[in-house]
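Listed here are the chains, written in short residue letters.
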Amino acid sequence: MELFIAVLVLLILIGLSNVLNRFVPFIPVPLIQIALGVAAALLPAGVHLPLNPELFFVLFIAPLLYNDGKRTPRNELWNLRAPILLLALGLVFVTVAVAGYIIHWLIPSIPLPAAFALAAILSPTDAVAVGAMAGRVHLPKSIHRLLEGEALMNDASGLVAFKFAIAATVTGVFSLTQATVSFILIAAGGLLAGALMSFLLIRLGVWIRRLGMEDVTIHMLLQILTPFVIYLVSEEIGVSGILAVVAGGIIHAIERDRAESVQLKMQVVSASTWSVILFILNGLVFMILGVQIPDVLNTIFVNVTFNNLEVLGYVVLIFLLLVLLRFLWIYLFWQGNEWLRSTRKSPIGKPRFKEITILSLSGVRGAVTLAGAFSIPYVLQDGSPFPERDLIIFLAAGVILVSLIAASVLLPVLAKEEGKASDEHTPQKSERKAQDIMLNAAIRAVKSEMNDENKAAALTVVSDLSKYIKQAAGQYNADSRKAMQKQETVMNLVATRAERKEIEAMMDENALGPEAAFKCDTWLDRKEMMLSNRANTQLLASLHEVGRMLGQLFASRNHKRAQPFMLENAELFRKVKLRTSQAAIKAVRAQMNDTNRTAALSVIAKYERVMARLRAWNQDKAEDPFNQEKLELQMVAIQEQRNTVQQLYENGEITRDVAAKLRRYINDVEATVLKND
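Residues numbered from 1 in each chain as written. Predicted model: local features only at pLDDT ≥ 70, side-chain atom pairs only at ≥ 80, totals over all residues. Heavy atoms only, no water.

**Considerations on the overall build of the chain**
Consideration 1: From N to C terminus, the chain includes 26 helices and zero strands.
Consideration 2: The proportion of buried residues among the 677 residues of the chain is 47%.
Consideration 3: When contacts within the chain are restricted to residue pairs at least 6 apart in sequence, those whose partners lie at least 24 apart make up 79%.
Consideration 4: Accessible surface computed for the chain: about 35300 Å², of which carbon and sulfur atoms make up 61%. (Helix = DSSP H or I, 4+ residues; strand = E, 2+ residues; numbered from the N terminus. Buried < 20%, exposed > 50% of the residue type's maximum accessible area, 1.4 Å probe, protein only. Contact = heavy atoms within 4.5 Å. Areas by Shrake-Rupley, 256 points an atom, 1.4 Å probe, with all protein chains shown as cover.)

The structure is reproduced here in structure tokens:
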């Protein structure tokens, strides 16, 4: 029960952290979550969760890295393979070697193998924290992808190096040759095992679908279990579970992209489910990190054998050492790449001091570092205590906090000038781009809700949103409006002629008599004339109205009017209109292309609306379901727009002012929708 209450409290605090971030957007969510975790642990009836490293890796790291591998663009990672490998492998091993010796020299009480272990566990960057930092400061895309690729790969290299260093400390035996061969086998085996298991699990899903089991719940459960199965099996056979889940995510993305038939409902459910899972896991990672910090700090601060100021100084010095090593490594790589520029083009451009500094500070440490530190054994092989275990854990936790705080403070300052100089991030363009993203997200949400019953309403809402997108982009000037009207006229003519052909087909089938066909053709003649000669439309309508008034004036008032032919045969004409509308929609879809798509969808939506009302009339419904369905879908679109604006704001892609403007726009749209209901 205590564990359940603790998890429940942390989940509530995760939600609170996002609320607080709306008021203090300059503080990253991870730091807020760590602070709330610390506060939860310090309360009298505080939250205390023992950190089990093995459970932590399988429960949190496996699904998070699997998702990162699934969503990271593969082409961009491949183009940046050289710098990614140099950072994820080269920098890790350089950090272990150089920082290990310096830490041992700085703190002689930590033996050299244990110092190597500390340096190894400090070498991986945190993928979640890197994403939060990189997104907030609008890094160039190539640098952003470089950081993502590094974070995907260096967890494995750092943890493998950490295991060898711990083994050397515990046993007192170390072989460089054996360690190198083992690392290659573990890394290559992990990639191969992850790719193979992901492929087999995907084939399992295809086989289940071929059995006729299209239940989204089953396939979603298979997706959720995939990273856990891959990680556990890989670790069990002795290869890298972390690299295995990354490879599994990449294979999943490849299979998804090349699949011939993509289930829209499955995509929507998968995206929504993973969004919730990742939101919770990301939050819990930093919450658990915050909960551990008071105990870690207290262990050192109450120990009289340590000078508190001296230990804090070690934390700062180790952090500066890691940043310096990272800076020098990136600088040397970029300089070497510049020398080779004459033979090949650089994927990341010309080296600049500011960009190298940003990359150096972006290498923040996170929960992987702390989980690895907690996995240090308590005793050596001879039964003696592991040397300075508490101090090593304290130094790891301190470097995590300092790296997060330094990145939060310094990265926005360093990137501010560059962001102002770029036209891409001007407030006007930022607002237009965000509005486009927001409206497109609303369109996807409406399409995901579309079914046979609400198809007419959904197409109407999608058509309206498509027009808003063009208006936001400034594409609806006087000329473009005329062009749109012309396209709609052409599509209406296509639809009308298709209706006429369908009436002829019904006559051939003896499904429609001559008199009824004549009435339908007369109505279509009038409609086609109005579409073909818009200049005379008003005049024709006026003359028709004058004729109707004169007929009423001279008609005998005592004469009982005959029931109109179309009303007498209402059921027949309902069936005719349903069939001709279907033919019209089919013809319009056949003529639809990228140029006239908006106009075509508008015409199709009108026909779908007519069909919906005709079906409702046949079912004796008192209310028109079209308006109710349209209102429900409009509210879905509005809510999705609000969610998208909040997500863009939390990611640092738009400012508070832009977010406020977009929210006012959404509120105005909602007020208009509700007023017209």
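What follows picks up the thread again.
**Considerations on the layout of surface pockets**
Consideration 1: Space inside the second largest pocket adds up to approximately 640 Å³.
Consideration 2: In terms of lining, the second largest pocket is formed by 27 residues, of which the most central are E54, F57, K163, Y231 and E235.
Consideration 3: Contributions of two or more residues to the lining of the second largest pocket are made by helix 3 (53-71), helix 8 (141-171), helix 10 (216-236) and helix 11 (241-258).
Consideration 4: Ranked by residues supplied to the lining of the second largest pocket, first place goes to helix 8 with eight residues.
Consideration 5: In the lining of the second largest pocket, the residues fall into 18 nonpolar, five polar and four charged. (1 Å grid on protein atoms, 1.4 Å probe; cavity = no way out; pocket = protein on both sides within 12 Å on 5 of 7 lines; lining within 4 Å. Points joined across faces, edges and corners; volume = space filled by probe spheres on them. Nonpolar A, V, L, I, M, F, W, Y, C, P; charged D, E, K, R; others polar.)

**Description of the pattern of salt bridges**
Consideration 1: Under the criterion given, the structure shown has four salt bridges.
Consideration 2: In this structure, R579 engages E502 in a salt bridge whose closest nitrogen and oxygen atoms are separated by 2.5 Å. Taken together, the residues R579 in helix 23 (residues 570-591) and E502 in helix 19 (residues 478-508) connect sequence positions 77 residues apart.
Consideration 3: Residue classification places R579 among the partly exposed residues on the basis of a relative accessible area of 27%.
Consideration 4: For E502, a relative accessible area of 18% translates into the label buried.
Consideration 5: Shared partners join several salt bridges into a network, and the residues in it are E502, E509 and R579. (Salt bridge = Lys/Arg side-chain N within 4 Å of Asp/Glu carboxyl O.)

**So, unusual backbone geometry**
Consideration 1: In this structure, E388 is a non-glycine residue whose phi angle is positive, near 55°.
Consideration 2: By the element assignment, E388 lies in the loop between helix 15 (367-374) and helix 16 (389-421).

**Quick notes on the environment of S403**
Consideration 1: Inspection of the secondary structure assignment puts S403 in helix 16.
Consideration 2: Separated by 40 residues in sequence, S403 and G363 have C-alpha atoms that sit 7.8 Å apart.
Consideration 3: The contact partners of S403, leaving out residues within four places of it in the chain, are F319, V364 and R365.
Consideration 4: Within the structure, the side chain of S403 is placed 3.2 Å from the backbone nitrogen of R365, a separation counted as a polar contact. (Polar contact = N/O pair within 3.5 Å; in protein donor to acceptor, adjacent residues only side chain to side chain.)

**A short note on the side chain of S360**
Consideration 1: Within the fold, S360 resides in helix 14 (residues 353-361).
Consideration 2: In terms of polar contacts, S360 uses its side chain to reach the backbone amide nitrogen of F327, at 3.5 Å.
Consideration 3: In this view, S360 contacts V323, R326, F327 and I330; residues no more than four positions away in its chain are not counted.

**Topic: the environment of F518**
Consideration 1: Secondary-structure assignment places F518 in helix 20 (residues 514-532).
Consideration 2: In the structure, F518 is positioned 15 residues away from I503 in sequence and 9.6 Å away in space, judged by C-alpha atoms.

**With respect to the confidence of the model for the chain**
Consideration 1: The predicted model of the chain averages 77 in pLDDT, with 79% of residues at 70 or higher.
Consideration 2: In this model, residues 534-563 is a region of pLDDT below 50 whose contacts with residues beyond four sequence positions or in other chains number five contacts. (pLDDT = per-residue confidence, 0-100.)

**What to know about the side chain of R500**
Consideration 1: Of note, R500 is situated in helix 19.
Consideration 2: According to the relative accessible area criterion, R500 is buried, its value standing at 17%.
Consideration 3: Sequence-distant contacts of R500, defined by excluding residues within four places in its chain, comprise D521, L524, D525 and E528.

**Focus on the packing of helix 3 against helix 10**
Consideration 1: Two numbers describe how helix 3 lies on helix 10: the axes approach to 9 Å, and their chain directions differ by 115°. Considering the angle they form, helix 3 stands roughly perpendicular to helix 10. Helix 3 and helix 10 meet at a crossing whose hand is right-handed. Touching F57, V58, L59, A62, P63, Y66 and K70 of helix 3 are Q223, T226, P227, F228, Y231 and L232, all from helix 10.
Consideration 2: Each residue belonging to the contact of helix 3 with helix 10 can be placed in one class, and the counts come to ten nonpolar, two polar and one charged. (Axes fitted to C-alpha atoms, helices over the stretch in contact; angles between N-to-C directions. Parallel < 35°, antiparallel > 145°, perpendicular 65-115°, else oblique. Left-handed = near helix turned anticlockwise from the far one by under 90°.)

**A look at the environment of K527**
Consideration 1: With respect to the helices and strands, K527 occurs in helix 20.
Consideration 2: For the pair K527 and N492, spaced 35 residues apart in sequence, the C-alpha to C-alpha distance is 9.3 Å.

**A look at the nonpolar core**
Consideration 1: Core analysis: the biggest nonpolar cluster contains 119 residues, and L10, F56, I110, L118, L122, L391 and L395 have the highest contact counts within it.
Consideration 2: Beyond its immediate stretch of four places on either side in the chain, F56 contacts L51, I61, V285, A367 and A371.
Consideration 3: In terms of nonpolar packing, the next biggest core, distinct from the first, is built from 22 residues, L439, A442, A457 and I654 among them. (Core = buried A, V, L, I, M, F, W, Y, C linked by side-chain atoms within 4.5 Å.)

**Observations concerning the packing of aromatic side chains**
Consideration 1: Considering all chains together, one arrives at seven aromatic pairs under this definition.
Consideration 2: With 6.3 Å between their ring centres and 80° between their planes, F56 and F57 make a pair best called edge-to-face.
Consideration 3: Ring centres of F93 and F183 lie 5.2 Å apart, and the angle between their planes is 85°; on these two criteria the pair is classed as edge-to-face. With F93 in helix 5 (residues 81-106) and F183 in helix 9 (residues 176-210), the pair connects residues that are 90 residues apart, well separated along the chain.
Consideration 4: With relative accessibility at 15%, the residue F183 sits in the buried group.
Consideration 5: Put simply, the rings of F56, F57 and F60 touch in pairs and so form one group of aromatic residues.
Consideration 6: The ring of Y378 carries the charged tip of R389 above its face, separated from the ring centre by 3.9 Å. (Phe/Tyr/Trp six-rings, centres within 6.5 Å; stacked < 30°, edge-to-face > 60°. Lys NZ or Arg CZ within 6 Å of the ring centre and 35° of its normal.)

**Description of the packing of helix 3 against helix 15**
Each pair of packed helices can be summarised by the angle the axes make with each other and by the distance between the axes.
Consideration 1: At a closest axis distance of 9 Å, the pairing of helix 3 and helix 15 adopts a crossing angle of 155°. Looking at the two axes, helix 3 sits roughly antiparallel to helix 15. Note on element contacts: helix 15 touches helix 3 through A367, V368, A371, G372 and F374, opposite P53, F56, F57 and I61.
Consideration 2: Per-class residue counts for the contact of helix 3 with helix 15 are eight nonpolar, one polar and no charged.

**Comments concerning a nonpolar patch on the surface**
Consideration 1: Among the surface-exposed residues, M1, L3, F4, I5, V7, L8, V9, L11 and I12 lie close enough to one another that they form a single nonpolar patch of about 860 Å² accessible area.
Consideration 2: The class of I5 is partly exposed, set by a relative accessible area of 43%. (Patch = residues over 30% accessible without salt bridge, like charges linked within 9 Å, V, L, I, M, F, W, Y side chains within 5 Å.)

**Concerning helix 14**
Consideration 1: Burial analysis of helix 14 places seven of its nine residues in the buried class, which makes it a mostly covered element.
Consideration 2: Those residues of helix 14 not exposed but buried are E355, I356, T357, I358, L359, S360 and L361.

**Brief notes about helix 6 (residues 112-122)**
Consideration 1: In terms of burial, helix 6 is a largely internal element, nine of the eleven residues being buried.
Consideration 2: Burial in helix 6 covers these residues: A114, A115, F116, A117, L118, A119, A120, I121 and L122.

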